[in-house]
Amino acid sequence: NTPDEAIQELAHLGPDALNDIQTGSDLKKCLGGSRSAIWRRMLDQRRLAGIGTILASEICHRAGVHPLRPSQSLKTPEWTAILHGLRDHIELVLQENVGPEIDYLRPGMQTFFLCYGKKEVPCTQCETPIVKDTVGGRPVYWCPSCQI
């Protein structure tokens, strides 16, 4: 790709999740105001760049927010909790991964996820088994007790 082609490919991306979002209000501006599930909104790279399936489930778990709640239903403290969940998980990922690439999943690798890939495993906070659903062909995980 030429530099101009690369710029055109990136032009449709929303703000960078880690660097461009400073407050819960910033996050709400990008993702709020919709009947769509917050988890789905996080995956829309046009709204917010840098969040994938694994990260969206982990963020919601850390924030105590049910991933399938409509984004318009979230209150200000929940947006702030989502922002903190995003930063906490990314910080953990950067601490745990040494090398040129971030390696989330590898055969035989012990993950540091709180909920992703842990269907029926007891939640680390309340011991309720983690639930898995499929939304739009993608897996989403959550704790039915901790995430409301």
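Just so it is clear, the structure is predicted and the values come from calculations on it, not from any experiment.

**Q** Would you take a moment to explain helix H2 (residues 24-31) for this structure?
**A** Given 3.6 residues to a turn, an α-helix orients residues that are three or four positions apart in the same direction. For H2, the full list of buried residues reads Gly24, Leu27, Cys30 and Leu31. Viewed along the axis of H2, the buried residues span an arc of 120°, placing them on a single side of the element. Phi turns positive one or two residues past the end of H2, at glycine 33, with a value near 75°.

**Q** Help me understand the pairing of strand E2 (residues 138-142), please; the structure alone is not making it clear to me.
**A** Look at any regular strand and the pattern is simple: side chains alternate between the two faces of the sheet. With 5 bridges connecting them, strand E1 (residues 131-135) and E2 associate as antiparallel partners. Each residue of the ladder has a partner; that of valine 131, found in E2, is tryptophan 142. Between E1 and E2, which pair antiparallel and follow one another directly, the connecting turn spans 2 residues, one of which, glycine 136, has a positive phi of 60°.

**Q** What should I look at first to understand the packing of H2 against helix H5 (residues 76-96) in this one?
**A** As a packed pair, H2 and H5 sit with axes 8 Å apart at the nearest point and diverge in direction by 95°. The angle between H2 and H5 falls in the class roughly perpendicular. Between H2 and H5, the contacting residues are Gly24, Leu27, Lys28 and Leu31 on the first element and Trp79, Thr80, Ile82 and Leu83 on the second. Its residues assigned to classes, the contact of H2 with H5 comprises 5 nonpolar, 2 polar and 1 charged.

**Q** Looking at this structure, I do not really get unusual backbone geometry. What am I missing?
**A** A negative phi angle characterises most non-glycine residues, just as the trans form characterises most peptide bonds. Backbone geometry at glutamate 120 places phi at a positive 70°, although glycine is not the residue there. Relative to the elements of secondary structure, glutamate 120 occurs in the loop between H5 and E1. Unlike most non-glycine residues, glutamate 127 shows phi in positive territory, near 75°. Overall, the relative accessible area of 57% leaves glutamate 127 in the exposed class.

**Q** For this particular structure, what's the right way to read the nonpolar core?
**A** As a rule of thumb, nonpolar side chains are buried together in soluble globular proteins. Core analysis: the largest hydrophobic core is formed by 26 residues, its most contacted members being Leu27, Leu31, Ile38, Met42, Leu48, Ile51 and Ile82. Among the elements of the structure, H2, helix H3 (38-43), helix H4 (53-63), H5 and E2 are those that each provide at least two residues to this core. With sequence-adjacent residues up to four places away left out, isoleucine 82 is seen in contact with Leu27, Ile38, Ile59, Ala63, Val65 and Leu74. Leu92, Phe112, Tyr116 and Cys143 belong to the second largest nonpolar core, which has 11 residues in total.

**Q** Please explain the pattern of salt bridges as it appears in this structure.
**A** Two side chains of opposite charge can pair, provided their charged atoms sit close to one another. Tallied over the entire structure, the rule returns 3 salt bridges. Across the pair arginine 47 and aspartate 44 runs a salt bridge, and its minimum N-O distance is 3.7 Å. Residue glutamate 78 pairs with arginine 69 through a salt bridge whose shortest N-O separation is 2.6 Å. For arginine 69, a relative accessible area of 17% gives the class buried.

**Q** How should H5 be read in this particular structure?
**A** Taking 1.5 Å per residue, 21 residues should reach 30 Å; H5 reaches 31 Å between its end C-alpha atoms and fits that length. Within H5, burial applies to Glu78, Trp79, Ile82, Leu83, Gly85, Leu86, His89, Ile90, Leu92 and Val93. Looking at the buried positions of H5, the neighbouring elements they touch are H2, H3 and H4.

Criteria and thresholds
- Residues numbered from 1 in each chain as written.
- Predicted model: local features only at pLDDT ≥ 70, side-chain atom pairs only at ≥ 80, totals over all residues.
- Heavy atoms only, no water.
- Buried < 20%, exposed > 50% of the residue type's maximum accessible area, 1.4 Å probe, protein only.
- Helix = DSSP H or I, 4+ residues; strand = E, 2+ residues; numbered from the N terminus.
- Arc of directions from axis to C-beta.
- Pairing = 2+ DSSP bridges.
- Axes fitted to C-alpha atoms, helices over the stretch in contact; angles between N-to-C directions.
- Parallel < 35°, antiparallel > 145°, perpendicular 65-115°, else oblique.
- Contact = heavy atoms within 4.5 Å.
- Nonpolar A, V, L, I, M, F, W, Y, C, P; charged D, E, K, R; others polar.
- Core = buried A, V, L, I, M, F, W, Y, C linked by side-chain atoms within 4.5 Å.
- Salt bridge = Lys/Arg side-chain N within 4 Å of Asp/Glu carboxyl O.
- Expected span 1.5 Å × (residues − 1).

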